[in-house]
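Secondary and tertiary structure notes
If you want the building blocks of each chain, they are given just below.
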Amino acid sequence: MNTGKDALGFNLVTDNFGSGQVKLNYVKFNDKQGKEATITGSWTKGTASEMAVTGDTDINVDANPYNIYVSGFSGYGFTNPTVDVTVTYDNNIGEDLYKQACLYYVDGYQTADEAWTPVEELEYKKAEAGQTVTYSFNVEPTRHSFFACFDACEVTEIKIYDKVPSDITITGNWSMGTESEMVSSDYKVNVNGGTAGIDISNLPLDRYFNPTIEVTANYAGTFENVRAEVYSGNDKVAGDYVEVNEVGEKVYTYELSTALTAINLYFSDCTVTQIRIYDNRSADITEINNRTASQLTSMMGKAWNLGNALDSTDNGTVGETLWNNPTVNKSLFELVKASGFDTVRIPVSFMDKIGDAESGYAIDTAWLNRIKTVVDYALDSGLYVIMDMHHDGSKDITGKWIDISFKGEERTEMLNKFSAVWTQIATTFAGYDQHLIFESMNEVMIGNSYGYTSSLAYENINALNQTFVNAVRSVDGNSDRCLLIPGYNTNIDLTISGLFKKPTDTTSNRLMLSVHYYDPYDFTLNEQGTAEWDEETELAYMQGQMQKISAFASGLNMPVIIGEYGAVNKEYDFNRIIYLSALNRTAETYNIVTAYWDNGYTGQYGFALFDRNSNMIIESGTELINAIMNK
């Protein structure tokens with residue numbers, strides 16, 4: 001509700017339709033979080049125009065003859081909520097070059113006390129005839145509407161987003177004991193290179209997510225007990241005394257508090273040539289290391305699957321776009337992160353990308369490089385990543401080579417190949433921190449019988465998992481990596497049946513247990529099944545299943561990740577919303593991480609939350625995502 005007035009309450013009125021009955025299931029008060037949007041069109045003062053909104057579809061736009069009124073957006077959740085307005089000035093702007101170019105907040109809208117407040121002090125700006133200009137305004141996160149007032153121009157775009165502040169770069173040649181001029185790229189930031197230290201004030205860090213300072217210093221010799229410290233007044237906020245073992249340039253990087261407005265730098269026995277203050281927007285700007293599996297799962301939040309991309313196959317051939325999804329780009333992961341997910345599971349198939357035994361089962365270099373690129377996209381977007389080997393052991397997939405019915409030489413060859421492939425993967429990602437998790441395989445079973453079990457099947461499942469752990473740990477740079485271990489067909493009941501064996505590991509407390517949840521089948525997966533999910537009758541079963549797997553995994557000291565779950569789109573999203581919300585509420589009760597299965601298909605019987613062609617949330621996606629996030 002964005003009325004511009006205080007809302008003290010509301011009336012919700014329902015009525016019968018024909019002879020039917022309306023049942024009100026729940027009312028949810030939602031603290032709406034920021035969502036980026038772009039408003040496009042062609043508006044000039046004096047005419048009313050239509051302007052289209054993409055992104056946050058809650059936004060309303062009234063491009064009337066006097067101004068453009070934008071309402072219904074939210075800056076909550078944004079660190080630096082910003083509005084960019086792009087205009088093209090008329091060729092004839094008259095003799096007075098200063099034109100109104102400002103956003104206004106309005107209090108007491110359409111009342112006797114209506115008052116307009118400019119978003120920034122400078123309401124009139126110097127215009128240039130025929131030039132296209134983008135004006136950028138910092139807006140308050142508590143505001144949900146504004147008026148855009150622009151003269152003598154055509155407004156073509158208004159963008160509402162969380163802007164990453166520009167870097168502040170300070171350059172010069174300063175040494176302790178001397179006064180030196182230091183020049184800032186931001187004229188508003190004051191810098192004084194004095195004899196004792198470098199004083200920096202008027203810092204705008206309150207609009208940074210992770211303010212970080214990078215100091216470049218040059219040393220002419222090696223020294224002990226060198227000062228490399230950052231203070232705020234009398235309080236040290238970063239750095240310490242250090243030893244310098246090499247002559248030349250050394251770069252120090254420290255995190256700062258968003259509450260700081262001034263800092264003092266004390267660096268001895270060197271020449272400071274550059275200071276860079278920037279916003280590191282990764283949610284985890286420091287490396288994650290030395291966490292147990294349980295500690296890590298507590299940090300992973302909600303997860304999302306990049307399904308039907310790198311795992312796509314056709315007659316034994318692997319290809320990223322074979323199942324009609326576009327090539328993956330970083331913008332998709334940035335959207336996933338902005339939507340509230342903290343982890344992405346990236347399924348990958350290998351099949352024809354693996355060479356023969358004579359090659360040592362060498363993986364195609366281009367394919368490995370592509371996998372690395374996509375993983376890096378996700379990590380750089382601030383996400384944790386689970387990478388699993390996906391269809392190489394899937395039923396009904398041509399080209400699969402992981403088969404848990406194998407015995408004798410076939411079994412030996414399978415295990416050797418499995419070891420070689422995972423050794424190469426571990427080598428490719430050696431040194432990556434705990435943001436990256438490996439999962440040995442996906443839904444591996446015998447034949448087409450989901451309930452079929454045998455001692456041989458479990459022996460092979462256990463052997464594959466043990467081979468996986470041994471292969472990863474054999475590569476330097478992977479001793480701390482958390483590993484995700486699937487049970488039989490990732491089925492809860494078959495995993496806890498008594499034949500599953502936890503692998504032995506040379507690193508303690510780094511193993512997690514993987515299961516999937518697609519119950520009840522008729523609702524979640526069966527396209528011809530029911531579109532109804534009754535929480536009153538189904539919730540108890542769901543809670544029981546999660547309680548069972550949680551208790552089983554606790555006995556093994558393995559936290560649980562539901563690596564896949566979801567329900568196909570049967571055009572009754574209300575039931576999907578209830579289902580997703582109930583599942584995630586239940587999982588949170590047992591500290592289970594959930595990873596929603598998204599196959600990228602936006603039509604009927606698809607799972608998509610995001611349109612991968614436009615990198616936007618689908619029409620019903622926001623409600624589904626809110627259910628996952630328990631908003």
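Small disclaimer: the values here were computed from a predicted structure and weren't measured.

1. Examining the overall build of the chain
Across its full length, the chain holds ten helices and 33 strands. With the principal axes as the frame, the chain shows a C-alpha extent of 90 × 85 × 45 Å. Within the chain, the proportion of its 631 residues that are buried is 50%. A separation threshold of at least 6 residues defines the contact pool for the chain, and within that pool the share at least 24 residues apart is 73%. Within the structure as shown, the chain displays about 28800 Å² of accessible surface, and the carbon and sulfur contribution to it stands at 44%. The distance from the centre of the 43 positive side-chain charges to the centre of the 85 negative ones in the chain is 3 Å.

2. Considering the environment of Y252
With respect to the element layout, Y252 can be found in strand β19 (residues 248–255). Along the sequence, Y252 and N64 sit 188 residues apart, while their C-alpha atoms lie 53 Å from each other. Those residues in contact with Y252 that sit more than four places away from it in its chain are I213, E214, V215, A217, Y219, A228, V242, V244 and F267. At 2.6 Å, the side chain of Y252 forms a polar contact with the side chain of Y219.

3. Observations regarding a nonpolar patch on the surface
Nonpolar side chains collect at one region of the surface, where L97, Y98 and Y124 lie side by side and expose about 300 Å² of accessible area between them. By the secondary structure assignment, Y98 is in strand β6 (residues 98–107). Judged by its relative accessible area of 48%, Y98 falls in the partly exposed class.

4. A closer look at the pattern of salt bridges
Under the definition given, this model contains 23 salt bridges. The closest approach of N and O atoms between R276 and E214, which form a salt bridge, is 3.4 Å. You can see R276 sitting in strand β21 (residues 271–279) and its partner E214 sitting in strand β16 (residues 211–219), a full 62 residues away along the chain. Among the salt bridges present, the one from E564 reaches R345, with a minimum N-O distance of 3.0 Å. Residue E564 is located in strand β30 (residues 560–565), and its partner R345 is located in strand β25 (residues 343–348); the two are separated by 219 residues in the primary sequence. The exposure classification of E564 matches that of R345, with both residues buried. Where salt bridges share partners, they join R227, E229, K236 and D240 into one cluster.

5. Let's talk about the packing of helix α9 (residues 573–589) against helix α10 (residues 621–628)
Contact pair α9 / α10: the axes reach a minimum separation of 7 Å and the direction vectors enclose 25°. Considered as vectors, α9 and α10 are oriented roughly parallel to each other. At the point where α9 passes α10, the crossing takes the right-handed sense. Across the interface between the two elements, D573, R576, I577, L580, S581 and N584 from α9 touch E623, L624, A627 and I628 from α10.

6. Side note on the confidence of the model for the chain
The predicted model of the chain averages 91 in pLDDT, with 93% of residues at 70 or higher. Confidence drops under a pLDDT of 50 for residues 1–5, and excluding neighbours within four residues, the segment shows eight contacts in the predicted structure.

7. Some points on the sheet that holds strand β15 (residues 198–201)
The strand order across the open sheet built from five strands is β14-β15-β20-β17-β18, with neighbouring strands paired in antiparallel fashion. Both outer strands of the open sheet, β14 (190–193) and β18 (235–244), are each paired with one neighbouring strand and no more. Neighbouring strand axes in the sheet, compared pairwise and without regard to direction, differ in orientation by 10° on average. Pairing of β14 with β15, which is carried by four bridges, proceeds in the antiparallel orientation. In the sheet register, G193 faces β15, and the bridge partner there is I198.

8. Some points on the sheet that holds strand β27 (residues 436–439)
Within a sheet, each strand pairs with its neighbour through backbone hydrogen bonds, oriented either parallel or antiparallel. With parallel pairing, eight strands are arranged side by side around a closed barrel as β22-β25-β26-β27-β28-β29-β30-β31. Taken pair by pair, the neighbouring strands of this sheet meet at an average axis angle of 25°, ignoring direction. When strand β22 (residues 303–305) meets strand β31 (residues 593–596), the two strands line up parallel, connected through two bridges. In the strand pairing of β31, A303 is matched with A595. Against the sheet, helix α8 (residues 535–556) contacts β29 (511–517) and β30, and its axis sits at roughly 160° relative to β29.

9. Things to note about unusual backbone geometry
The linkage connecting D519 with the following residue, P520, adopts the cis geometry, with an omega of -10°. Looking at where P520 falls in the secondary structure, it is placed in the loop between β29 and α7 (521–524). Its identity as a non-glycine residue notwithstanding, N509 has a phi of 60°, on the positive side. Along the chain, N509 falls in the loop between α6 (492–495) and β29.

10. Some details on the nonpolar core
One finds W304, L306, I346, W422, F438 and F610 to be the most contacted residues of the largest nonpolar core, which totals 103 residues. Setting aside its immediate chain neighbours within four residues, F438 contacts M387, W422, I425, A426, F429, F468, V472, N478, R481, C482, L483 and L484. Judged by nonpolar contacts, the second largest core, of 30 residues, contains I170, L203, L265 and F267.

11. Looking at the pairing of β30
Every other side chain in a regular strand lies on the same face of the sheet, so the side chains alternate between the two faces. Most of β30 sits out of view: six of its six residues are buried. Pairing of β29 with β30 involves five bridges; the strand directions are parallel. Opposite L513, over in β30, you have V560 as the bridge partner. As paired elements, β30 and β31 share three bridges and run parallel to each other.

12. A look at helix α3 (residues 365–380)
Over its 16 residues, α3 extends 22 Å from the first C-alpha to the last, a length consistent with the 22 Å expected when each residue adds 1.5 Å. All of the buried residues along α3 are W367, L368, R370, I371, V374, V375, A378 and L379. Turning to α3, the residues buried within the fold contact β24 (317–318), α2 (330–338), β25, β26 (384–389), α4 (408–428) and β27. Capping of α3 at its N-terminal end is provided by D364; its side-chain oxygen lies 3.3 Å from the backbone amide nitrogen of A366. Immediately beyond the C-terminal end of α3, within one or two residues, lies G382, with a positive phi of roughly 90°.

The rules behind the values
- Residues numbered from 1 in each chain as written.
- Predicted model: local features only at pLDDT ≥ 70, side-chain atom pairs only at ≥ 80, totals over all residues.
- Heavy atoms only, no water.
- Helix = DSSP H or I, 4+ residues; strand = E, 2+ residues; numbered from the N terminus.
- Buried < 20%, exposed > 50% of the residue type's maximum accessible area, 1.4 Å probe, protein only.
- Contact = heavy atoms within 4.5 Å.
- Areas by Shrake-Rupley, 256 points an atom, 1.4 Å probe, with all protein chains shown as cover.
- Lys, Arg positive; Asp, Glu negative; His and termini not counted.
- Charge placed at Lys NZ, Arg CZ, Asp CG, Glu CD.
- Polar contact = N/O pair within 3.5 Å; in protein donor to acceptor, adjacent residues only side chain to side chain.
- Patch = residues over 30% accessible without salt bridge, like charges linked within 9 Å, V, L, I, M, F, W, Y side chains within 5 Å.
- Salt bridge = Lys/Arg side-chain N within 4 Å of Asp/Glu carboxyl O.
- Axes fitted to C-alpha atoms, helices over the stretch in contact; angles between N-to-C directions.
- Parallel < 35°, antiparallel > 145°, perpendicular 65-115°, else oblique.
- Left-handed = near helix turned anticlockwise from the far one by under 90°.
- pLDDT = per-residue confidence, 0-100.
- Pairing = 2+ DSSP bridges.
- Core = buried A, V, L, I, M, F, W, Y, C linked by side-chain atoms within 4.5 Å.
- Expected span 1.5 Å × (residues − 1).

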